[in-house]
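An overview of the molecular structure
Each chain, letter by letter, is given below.
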Amino acid sequence: MEQRRARMVSEQLARRGIDAAAVLDAFRRVPREEFVAHDDLRHAYFDGPLGIGYGQTISQPYVVALTVEALALRGHERVLEIGAGSGYAAAILGLLAREVDTIERIPELAATASDRLARLGFANVHVHCADGTLGWPPNAPYEAICVAAGAPRPPKPLLDQLAIGGRLVIPHGDASSQHLVRIIRRSEHDVVEEDLGEVRFVPLVGEAGWPAHA
Ligand code: SAH
């Protein structure tokens, strides 16, 4: 597995332009096979998303890397992730930041991710079951926020919970295709947005996202 992980890092990430050493190192250290369904063990290092039940997926490693690299973490940050899913991206974030809050709306996925992260020793990653479109007010503001599900637009609560100088990386667009963007909060009222490319995520369902029946 370790060899397959090293190959994933060089062929799927470094070759496509991910070059932050700390990011590549985090992907070398997190055992992705612990985060996929048992039947998918042999596909753990597949270059794409995999089903994790409840209609949800563990994201493609490259998309996680692109998101995490864009957060430009230096190690001291408190990070908020929306869409814990398997907990894989949260584990990567846990190695790159001080504290991670990750929110998951499906209770069964939240419970599994929480148990798994605790078992693997990610003590600085906290899984909460809630509607992440509302952010996590108790610990706001955050220096970095990332969203692992496609939104119609960046939810206002997340923009409001971003510290000055903070980065929000989020896919937004319509249901079939989105653009991954990085929004940097320059000051109280000033944000800049950059496009990181076209992506396809499961929908962000919630009060400031898509309605549940869509
Ligand atoms: N980061 C995950 C990817 C999970 S896919 C991983 O590494 O495995 C996106 C997840 O977002 C799904 O589990 C979905 O249930 C969740 N989600 C969708 N809308 C949400 C919301 N409003 N709040 C919290 N989680 C949400």
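Structural data are supplied above this passage.
Per-chain numbering applies: the sequence of each chain, read as written, is numbered from 1 onward. Owing to the predicted nature of the model, reporting of local features is limited to residues with pLDDT of at least 70; listing and counting of side-chain atom pairs is limited to 80 or more, with chain, interface and lining totals taken over all residues. The side-chain numbers reported here are obtained from all heavy atoms of the structure, hydrogens and water having been left aside.

1. Some words on the packing of helix α2 (residues 21–29) against helix α4 (residues 88–96)
Axis definition: a line fitted to C-alpha atoms, over the contacting stretch in the case of helices. Angles run 0 to 180 degrees between N-to-C directions. The numbering of helices and of strands both runs from the N terminus, where a helix is a DSSP run of H or I of at least 4 residues and a strand a run of E of at least 2. Close contact between α2 and α4 brings their axes to 9 Å; oriented N to C, the two are set at 125°. Between α2 and α4, the angle falls in the class oblique. Crossing of α2 against α4: the hand is right-handed. Counting all contacts with α2, which are made through Ala22, Val23, Ala26, Phe27 and Arg29, the residues of α4 involved are Tyr88, Ile92, Leu95 and Leu96. We call Asp, Glu, Lys and Arg charged. Ala, Val, Leu, Ile, Met, Phe, Trp, Tyr, Cys and Pro are nonpolar, and the rest, Gly among them, are polar. Here the contact of α2 with α4 is built from residues that sort into eight nonpolar, no polar and one charged. Oblique is the label for any angle not covered by the other classes, which are roughly parallel (under 35 degrees), roughly antiparallel (over 145) and roughly perpendicular (65 to 115). Crossings are sorted by hand: turned counterclockwise from the far helix by less than a right angle, the near helix makes the crossing left-handed, and turned clockwise it makes it right-handed. Contact criterion: two residues are considered in contact whenever any of their non-hydrogen atoms come within 4.5 Å of each other.

2. Observations concerning the layout of surface pockets
Buriedness for pockets is judged along seven lines, at least five of which must meet protein on both sides within 12 Å for an open set on the 1 Å grid over protein atoms alone, while cavities are sets there where a 1.4 Å probe fits but cannot get out, and lining residues have an atom within 4 Å of a point. Grid points are joined across faces, edges and corners, and a volume is the space filled by probe spheres set on the points. Here the largest pocket is characterised by a volume of approximately 510 Å³. Lining the largest pocket are 36 residues; nearest its centre among them are Thr57, Gly83, Ala148, Ala149 and Val202. Going through the elements one at a time, β2 (56–58), α3 (61–70), β3 (78–82), α4 and β4 (99–104) are the ones with two or more residues in the lining of the largest pocket. With three residues, β2 is the single largest residue contributor to the lining of the largest pocket. Per-class residue counts for the lining of the largest pocket are 21 nonpolar, ten polar and five charged.

3. Points about the pairing of strand β5 (residues 125–129)
Remark: a regular strand shows side chains that alternate across the two faces of the sheet. A pair of strands counts as paired when DSSP detects no fewer than two bridges linking them. As judged from the five bridges shared by β4 and β5, these two strands associate in the parallel manner. Each bridged residue has a counterpart across the sheet, and for Val100 the counterpart in β5 is Val125. Note on the crossover from β4 through helix α5 (residues 107–119) to β5: the handedness is right-handed. Handedness is read with the strands pointing away from the viewer; a crossover is right-handed when the path from the first strand over the helix to the second is clockwise.

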